[in-house]
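Letter by letter, the chains look like this.
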Amino acid sequence: MGIYLDNAATSYPKPNDVAEAVYEFMINNGTTSGRGSYKKAMESDRLVYEARKLIADLCNFDDPKRVIFTSNITESLNLAMYGILEEGDHVITSSLEHNAVWRCLKTLERDKNISITQIPASKEGYTDVSDIRKSIRANTKLIIFTHASNVLGTIQPIREIGEIAKEHNIPFLVDAAQTFGAYPIDIKKYNIDILAFTGHKSLLGPMGTGGLVLNYNGNINPLKSGGTGGDSAYEYQPDYYPNKLETGTLNVSGIVGLRAALKYIKQEGVENIHSKENELVKYALKELTTIPNIEVYGPKDSDKIIGVVSFNIKDKRAEYISFELDSKFNIMVRSGLHCAPNAHDLIGTKEIGAVRIGIGYFNSTDEIQTFIDALKIIAQK
Ligand SMILES: Cc1ncc(COP(=O)(O)O)c(C=O)c1O
């Protein structure tokens, strides 16, 4: 089976319940949700509603109707940014954003003349929140921050940023791709207006699932219009949630799998998931720094990062290291820019990329040790 250390790309394996729930739904139900009124369709509705409720509970939110399902966080973030930003608006964001945020902002800059302030981060990925306060303008319409960098792992000061956003009445959008399910998030306490999530990473669910949690009363224009299963004679997109932003048939089988993953996370406890991952990261950091000629990027303190560690070894290309790990040792890691070129700019690796390990809940200390032993052999070649 090999050792899977690419959980930042997608988590693997998934809890057994996830695949079983998808299989059971596809074999024994298979109906759409929000459409039919026969018993099986009502069961589908119930399963989707429960998934919304579990998402809401996981971030201490109280209105499952404002949990919107999408196909991944890229779609969620596009929906929020295109739905809120208008010609000439100003946006504040981090220096660590994934292209799911950054390309969308650059496109809006080009096509809608929005302006972007990128808050500088240190080489380790730390953001000074006072820079955010200084950057606010009269036309600042959105603050967008990743909860944690998918290159350096660095956790961002979301709570403090939320306070500033609230003080200035600016909507605050958080990209929780790498944290939701593995790190406690309280949408109310952190003053997050819009939480974007993806189902297949730290939430341990299937690909093709994601969404937004809307703790936000402002308008979000839909990206798409079409069938919602209700008010069909009305010629425009309905104005109530979730239908306003959910159009076309939902990925019910995927959401049923996500529901199983959410139940699993609830049963294990986010704090326990977080502390197990934290122990593995601590171990990996300690062992990685013993490897000759290695440069480990980002904070060396496991409490400051999620399960992501990037590194390079002097005179060895990142692609060579990941290829050797895979071909000789059956260890799966990722090399390159990880769709986040700005974070690589910070650490000076935009030209060469880096090797990244993504540690997940199902990894073990033995697996990390096997990876370290393999890396030592590759480093000495
Ligand atoms: C921080 C962050 N945001 C967004 C994404 C995009 O996720 P998805 O491909 O599920 O839309 C990723 C995935 O790598 C990510 O790490």
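Definitions and cut-offs
- Residues numbered from 1 in each chain as written.
- Predicted model: local features only at pLDDT ≥ 70, side-chain atom pairs only at ≥ 80, totals over all residues.
- Heavy atoms only, no water.
- Near = heavy atom within 4 Å.
- Polar contact = N/O pair within 3.5 Å; in protein donor to acceptor, adjacent residues only side chain to side chain.
- Nonpolar A, V, L, I, M, F, W, Y, C, P; charged D, E, K, R; others polar.
- Core = buried A, V, L, I, M, F, W, Y, C linked by side-chain atoms within 4.5 Å.
- Buried < 20%, exposed > 50% of the residue type's maximum accessible area, 1.4 Å probe, protein only.
- Helix = DSSP H or I, 4+ residues; strand = E, 2+ residues; numbered from the N terminus.
- Domains from an automatic or database assignment.
- Contact = heavy atoms within 4.5 Å.
- Phe/Tyr/Trp six-rings, centres within 6.5 Å; stacked < 30°, edge-to-face > 60°.
- Pairing = 2+ DSSP bridges.
- Axes fitted to C-alpha atoms, helices over the stretch in contact; angles between N-to-C directions.

Draft legend 1. Broad picture of the site of the ligand. Among the 13 residues in the neighbourhood of the ligand, the closest are listed as Thr74, Asp175, Gln178, His200 and Lys201. Taking histidine 98, its side chain carries an N or O atom lying 3.2 Å from an oxygen atom of the ligand. The contact in question runs from an oxygen atom of the ligand to an N or O atom on the side chain of lysine 201, over 2.6 Å. Classifying every residue of the shell around the ligand gives three nonpolar, eight polar and two charged.

Draft legend 2. Representation of the nonpolar core within the structure. Within the largest apolar cluster, 52 residues are counted, with the highest numbers of intra-cluster contacts made by Phe180 and Leu195. Per-element tally for this core: the top contributor is helix 7 (residues 252-268), with nine residues. For this core, the domains that each give at least three residues are domain 1 (3-12 + 270-380) and domain 2 (16-268). Not counting chain neighbours up to four residues away, the residues in contact with leucine 195 comprise Cys59, Val174, Ala176, Phe180, Ile185, Ile187, Gly211, Leu212 and Val213.

Draft legend 3. Molecular detail of the packing of aromatic side chains. A complete count under the given rule lists six aromatic pairs for this structure. Each ring, one from phenylalanine 311 and one from phenylalanine 371, has its centre 6.3 Å from the other, and the planes form 55°; the classification is tilted. Here phenylalanine 311 is found in strand 10 (residues 308-313), whereas its partner phenylalanine 371 is found in helix 11 (residues 365-380), with 60 residues between them in sequence. Each member of the pair, phenylalanine 311 as well as phenylalanine 371, carries the same accessibility label: buried. Grouping aromatic residues by their ring pairs yields a cluster made of Tyr264, Tyr361 and Phe362.

Draft legend 4. Focus on the sheet that holds strand 3 (residues 90-93). Taken in spatial order, the seven strands of this open sheet run 2-8-7-6-5-3-4, and their pairing is mixed. Of all the strands in the sheet, the pair left with one neighbour each is strand 2 (67-70) and strand 4 (115-118). Looking at each pair of strands side by side, their axes are set apart by 20° on average, direction ignored. Direction of pairing for strand 3 relative to strand 5 (residues 140-146): parallel, over a ladder of four bridges. Its bridge partner being in strand 5, valine 91 is matched across the sheet by leucine 142. Along the sheet face, helix 4 (residues 99-112) touches strand 3, strand 4, strand 5 and strand 6 (172-175) and points at about 145° away from the line of strand 4.

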